[in-house]
Amino acid sequence: MTTTPIRGLGHPVKRKEDPRFIRGKGTYVDDIKLPGMLYLDIVRSPYAHARIKRIDASKALAMPGVVDVITGAELEKAGLAWMPTLMSDRQMVLPTDRVVYYAQEVAAVVATDRYTAADAVLAVEVEYEPLTPVLDPFKALEPGAPLVRPDREQKTNHIWHWEAGDKEKTDRIFQEAQVVVSQDLYIPRIHVCSIETCGCVVNYDRATDKLTIWMTSQAPHAHRTVFSLVSGIPEHKIRIISPDIGGGFGGKVPVYPGYVIATYAALKLGKPIKWIEDRSENLQADTFARDYHIHAELAATRDGKIRAMRVHTVADHGAFDAAANPSKFPAGLFSVCTGSYDMEAAHVAVDGVYTNKPPGGVAYRCSFRVTEAVHTIERMVDILADELGMDPAEIRFKNFIRPEQFPYKSPTGWEYDSGNYPATLQKALDAIGYQELRREQAERRARGELMGIGISTFTEIVGAGPSHTFDILGIKMFDSAEIRVHPTGSAIVRIGVQTQGQGHETTFAQIVAEELGLPVENIIVEHGDTDTAPYGLGTYASRSTPTAGAATAVAARKIREKARLIAAHLLEVSPDDLEWRDYAFRVKGAPDRFKTMQEIAFAAYTNFPQGLEGGLEAVCYYDPPNLTFPFGAYVCVVDIDRGTGQVKVREFLAVDDCGTIINPMIVEGQIHGGLTMGLAPALFEEIVYDENGTMLTGTFMDYLLPTAMETPHWKTDKTVTPSPHHPLGAKGVGESPTIGAPPAIVNAVVDALSHLGVRHIDIPITPAKVYQILLEKGVAE
Ligand code: PCD
């Protein structure tokens, strides 16, 4: 019998993947080097909107080492100038006659090395005729606005209208409401700045007729299916490998033109092709998120009970609707914007609009527009509190969905699985010493100092999803796991989701360790290779734990049921006489008579009962009955410098509840990283274009990413309210902090300035913005 500890659920097991990462031994896409490999680089547009009059590649082609220049005209002949997006729109791979955003792909160069390819990009001559760009989504909707997409049948820039909730009932409540507050909020365009940019290596093997693509993909199986449908290549002849990935954050879910051009080039030239974006290309051309222009209203009673919410949003999607929302939800899960509060009715409407910007709408650390939803409600609750002269904590306690109301049906149709909001907020307030902070604030205010306390009590919605409601391009959003236990009691787990840094190799091994009673060291996790992993929809929307995590637990339980039969055979008792306890099958009433999984595994290959199949393995495709609803209470304390307008986050406490925790160390790491990614848009990050549609924030000199210098010390704590429908009670957590943090920070800044009559500030709250307010209010130093 093994004496190695199992270390299943709840253990802070060190990440199995880290020894290779900290030694620089990971295998990322750019580490793949194949004999005879050629390098692809992309010519990009200097205009946001222009007609292409001529492309002359002759100088580039004459350069030594240049193999080919690929244009839209050539792709058109192959039927590949356009590709479908995951949102049922179509997107240019390479343009044939016009470009529609700054830094758009215009042509591709293939050369024998990376530097020659980059030089040749500069030698391709393109003659443009600039056209008027449409940059403001409101102007884009005006009649007579220039068309971003003349290729479409519908001759407007409007993409779709989508709504949820009960309009009539909501309007009625607003008419009779004692108090109504309203606010415009802009959540700016931001960018997913993963350490690793996007790229691929494509190898077409003529001998076996097989196409292998190493690709920075958060969803290799779904991408394989799309590639097969678009190219006509049979799916079993395509293998997509998503190796080690240096951050996904939603930016590696869409299919970018570079992948398609590289694949075309590999098939055409019969040589392996590598395409890796450089940092500026990544920052200028893909993986954009947010860009929501929101008008929100709350109706309430005079004593602070929220009755209804009304929201209208204009969503700037750029030139192609190329995000990756589930197909029935073009505005993602934005309708979860009633948040943690019980109200009678809500109505949410969103209009998607085309503009001459790169495609946006990526679910950047956000389960499909939940960041926007949470920002809206958490700001609006504070605005209502301000209107009524109530404390932001008090108004929240007054309006929380109560613990006994779960499962709770929200006015926009979601069924929240579980929650205990008052307990979590109370824990946060006690831990941070809320009353004391309020006293300190009053004292400082009297001295003219600007200190603010901000609260955010958010509810997330993650784990898409139940297949009856959730699909991407028709592919249902279940997920999968396959477990094989070897004769000597070690095991391999293959899962349908793909880690980009979250630590799945560790946490999924812990799930199996817990369920099978095998030491975590003896379990290896594999993923990201479509030839070996079971079909899954990928890792985003904090769905891995809710979906594939559940699949892993269920697959392990199937193995356990078979193991029971073998244990019964070994112990010469009936299977019913056995119980699974302390990681072994024990004879009821005689717990010293038992068989461990390791013993059973050996017997599964050497001594199994007649009539039973040998081996010990199982597969599960898990269709979750519902999403999971993690939540949290965040409190932020800021001080504002009256001389510079700089906001300093003095203290930040995040109390999170993601149900049962698999690995507390990994969860804490997720929360630290996620909070920093929430701080970033709150105070620093914004993608800005000039009036020509040229990006002004195309380098990290202008687009400020927080480093350790800007990041405060995060304090974390937890409550545990298990999900009632997940086999382990676990909810997702990866995105919660990024969603919960921005409103806590903004609420703190506005709180610091509320006595001056400030009610709202749009993010990012830069020193310049704050200093301008201080000047206007006459308190700048
Ligand atoms: N967990 C535990 N417990 C619990 C939960 C969870 O332990 N209860 C853990 C798991 O297992 C893992 C993690 O934690 O490991 C996470 O999880 P989740 O929440 O489930 O999630 P996932 O699916 O896995 O993932 C995803 C996420 C996302 S979504 C994002 S953005 C981000 C996050 O994740 N990303 C990233 N995080 C991270 N990290 C890193 N490092 N990197 C990255 O990239 Mo989207 O939609 O895509 O936007």
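Residues numbered from 1 in each chain as written. Predicted model: local features only at pLDDT ≥ 70, side-chain atom pairs only at ≥ 80, totals over all residues. Heavy atoms only, no water.

S.K.: What is the right way to read the site of the ligand from this model?
M.R.: Contacts to the ligand come from 36 residues, most closely from A363, H504, A541, T545 and V733. G250 places a polar main-chain atom, nitrogen or oxygen, 2.7 Å from an oxygen atom of the ligand. Measuring from an oxygen atom of the ligand, one finds a backbone N or O atom of Q502 at 2.8 Å. Elements represented by at least two residues in the shell around the ligand include exactly α14 (504-516), α15 (544-571) and α17 (664-683). Taken together, the residues of the shell around the ligand break down into 14 nonpolar, 18 polar and 4 charged. Inspection of the shell around the ligand shows a minimum of three residues originating in each of domain 1 (18-25 + 479-622) and domain 3 (289-464 + 626-776). (Near = heavy atom within 4 Å. Polar contact = N/O pair within 3.5 Å; in protein donor to acceptor, adjacent residues only side chain to side chain. Helix = DSSP H or I, 4+ residues; strand = E, 2+ residues; numbered from the N terminus. Nonpolar A, V, L, I, M, F, W, Y, C, P; charged D, E, K, R; others polar. Domains from an automatic or database assignment.)

S.K.: Please explain the environment of P392 as it appears in this structure.
M.R.: Turning to its location among the elements, P392 is positioned in helix α11 (residues 392-399). Separated by 11 residues in sequence, P392 and V381 place their C-alpha atoms 7.5 Å apart. Beyond its immediate stretch of four places on either side in the chain, P392 contacts D382, A385, Y434, R438 and I455. (Contact = heavy atoms within 4.5 Å.)

S.K.: Would you take a moment to explain the packing of α11 against helix α12 (residues 421-432) for this structure?
M.R.: Two numbers describe how α11 lies on α12: the axes approach to 10 Å, and their chain directions differ by 160°. If you check the angle between α11 and α12, you find them roughly antiparallel. Remark: the crossing between α11 and α12 carries left-handed chirality. Between α11, through A393, R396 and F397, and α12, the contact on the second element is made entirely by P422, L425, Q426 and L429. Classifying every residue of the contact of α11 with α12 gives 5 nonpolar, 1 polar and 1 charged. (Axes fitted to C-alpha atoms, helices over the stretch in contact; angles between N-to-C directions. Parallel < 35°, antiparallel > 145°, perpendicular 65-115°, else oblique. Left-handed = near helix turned anticlockwise from the far one by under 90°.)

S.K.: Looking at this structure, how should I read the sheet that holds strand β2 (residues 50-56)?
M.R.: One key point about sheets: their strands pair by backbone hydrogen bonds, in either a parallel or an antiparallel sense. Across the sheet, which stays open at both edges, the 3 strands sit in the order β6-β2-β8 with antiparallel pairing between neighbours. Here the strands that pair on one side only, and so sit at the sheet edges, are β6 (98-99) and β8 (125-130). One ladder, built from 6 bridges, connects β2 with β8; its direction is antiparallel. Residue I55 lies in a different strand from β8, and its bridge partner there is V126. (Pairing = 2+ DSSP bridges.)

S.K.: Honestly, the nonpolar core in this entry has me stumped. Any pointers?
M.R.: Nonpolar side chains in soluble globular proteins tend to be buried together. Counting residues in hydrophobic clusters, the biggest one holds 135 residues, and the most contacted among them are W414 and F652. Of the residues forming this core, the biggest block, 10 residues, is contributed by helix α18 (residues 736-753). Setting aside chain neighbours within four positions, we find W414 in contact with F329, L333, S335, V336, Y408, K409, I461, F470, L627 and F629. With 51 residues, the next largest nonpolar core counts L75, M83, I240 and Y264 among its residues. (Core = buried A, V, L, I, M, F, W, Y, C linked by side-chain atoms within 4.5 Å. Buried < 20%, exposed > 50% of the residue type's maximum accessible area, 1.4 Å probe, protein only.)

S.K.: Explain the sheet that holds strand β9 (residues 158-165) to me, please; I cannot follow it from the model alone.
M.R.: Taken in spatial order, the 5 strands make up an open sheet running β9-β17-β16-β15-β10, and their pairing is mixed. Looking at strand neighbours, the two that pair on one side only are β9 and β10 (179-191), the edges of this open sheet. The mean inter-strand angle of the sheet, taken between neighbouring strand axes irrespective of direction, is 10°. Across 9 bridges, strand β15 (residues 288-300) lies against strand β16 (residues 306-316) in antiparallel orientation. Looking at β16, one finds that E297 is bridged to R310. Together, β9, β10, β15, β16 and β17 (345-353) form the strand contacts of helix α6 (residues 167-176), whose direction differs from that of β16 by roughly 120°.

S.K.: Help me understand the pairing of strand β12 (residues 210-215) in this model?
M.R.: The side chains of a regular strand alternate, residue by residue, between the two faces of the sheet. The buried fraction of β12 amounts to 5 of the 6 residues, a majority that puts the element mostly inside the structure. Sheet analysis places strand β11 (residues 199-205) next to β12, joined by 6 bridges and oriented antiparallel. By the bridge assignment for β12, N203 is matched with T212. Once β11 ends, the chain turns through 4 residues before running back antiparallel as β12, passing D209 with a positive phi of about 65°. Here 4 bridges tie β12 to strand β13 (residues 238-241), and the two strands are oriented parallel to one another. The residue of β13 that forms the bridge with T212 is R239.

S.K.: Help me understand unusual backbone geometry, please; the structure alone is not making it clear to me.
M.R.: Excluding glycine, residues mostly carry a negative phi; peptide bonds, for their part, are mostly trans. The omega torsion of the bond from F406 to P407 falls at -5°, within 30 degrees of zero and hence cis. Checked against the element boundaries, P407 lands in the loop between α11 and β18 (408-409). Residue P764 is reached from I763 by a cis peptide bond, and omega for that bond is -5°. Structurally, P764 is set in the loop between α18 and α19 (767-776). Even without being glycine, A541 reaches a positive phi, approximately 55°. Within the secondary structure, A541 sits in the loop between β25 (523-527) and α15.

S.K.: Just to check I follow, could you spell out the UniProt feature "domain: Aldehyde oxidase/xanthine dehydrogenase a/b hammerhead" (unreviewed entry) in the chain for this structure?
M.R.: In the UniProt entry, the feature "domain: Aldehyde oxidase/xanthine dehydrogenase a/b hammerhead" (unreviewed entry) is given for residues 23-132. Helix makes up 19% of residues 23-132 and strand 37%, whereas the separation of the span's terminal C-alpha atoms amounts to 51 Å. (UniProt positions renumbered as here; feature names shortened; annotations may be inferred.)

S.K.: Can you help me understand the packing of aromatic side chains in this one?
M.R.: Two measures describe an aromatic ring pair: the distance that separates the ring centres and the angle between the ring planes. Evaluation of the coordinates by the stated rule reveals 24 aromatic pairs. Centroid distance F329 to F470: 5.0 Å. Interplanar angle 15°. Geometry classified as stacked. One end of the pair, F329, is in the loop between β16 and β17; the other, F470, is in the loop between β20 (450-459) and β21 (471-472), with 141 residues separating them in the sequence. What makes F329 buried here is its relative accessible area of 9%. Judged by centre distance (5.6 Å) and plane angle (65°), the rings of Y408 and Y416 are edge-to-face. (Phe/Tyr/Trp six-rings, centres within 6.5 Å; stacked < 30°, edge-to-face > 60°.)

S.K.: Looking at this structure, I do not really get the domain arrangement of the chain. What am I missing?
M.R.: Interfaces are frequently sized by the accessible area removed from exposure as the parts join. The domains assigned to the chain are domain 1 (18-25 + 479-622), domain 2 (32-131 + 197-245 + 252-285) and domain 3 (289-464 + 626-776). Placing the centre of domain 1 and that of domain 2 at their C-alpha centroids yields a distance of 41 Å. Across the contact, 20 residues belong to domain 1 and 19 residues belong to domain 2. Carbon and sulfur atoms supply 46% of the area that domain 1 and domain 2 bury against each other, a total of about 1400 Å² over both sides. At the junction of domain 1 with domain 2, the criterion picks out 4 salt bridges. Of the charged contacts in the structure, one is a salt bridge between D531 and R239, with a shortest N-O distance of 3.6 Å. (Buried area = accessible area lost by both parts, 1.4 Å probe. Salt bridge = Lys/Arg side-chain N within 4 Å of Asp/Glu carboxyl O.)

S.K.: Would you mind going over the pairing of β11 with me for this structure?
M.R.: Summarising burial for β11: 5 of the 7 residues are buried, a large majority. In terms of strand pairing, β11 meets strand β14 (residues 273-276) through 4 bridges, oriented antiparallel. Across the sheet, V202 pairs through a bridge with I273, a residue of β14.

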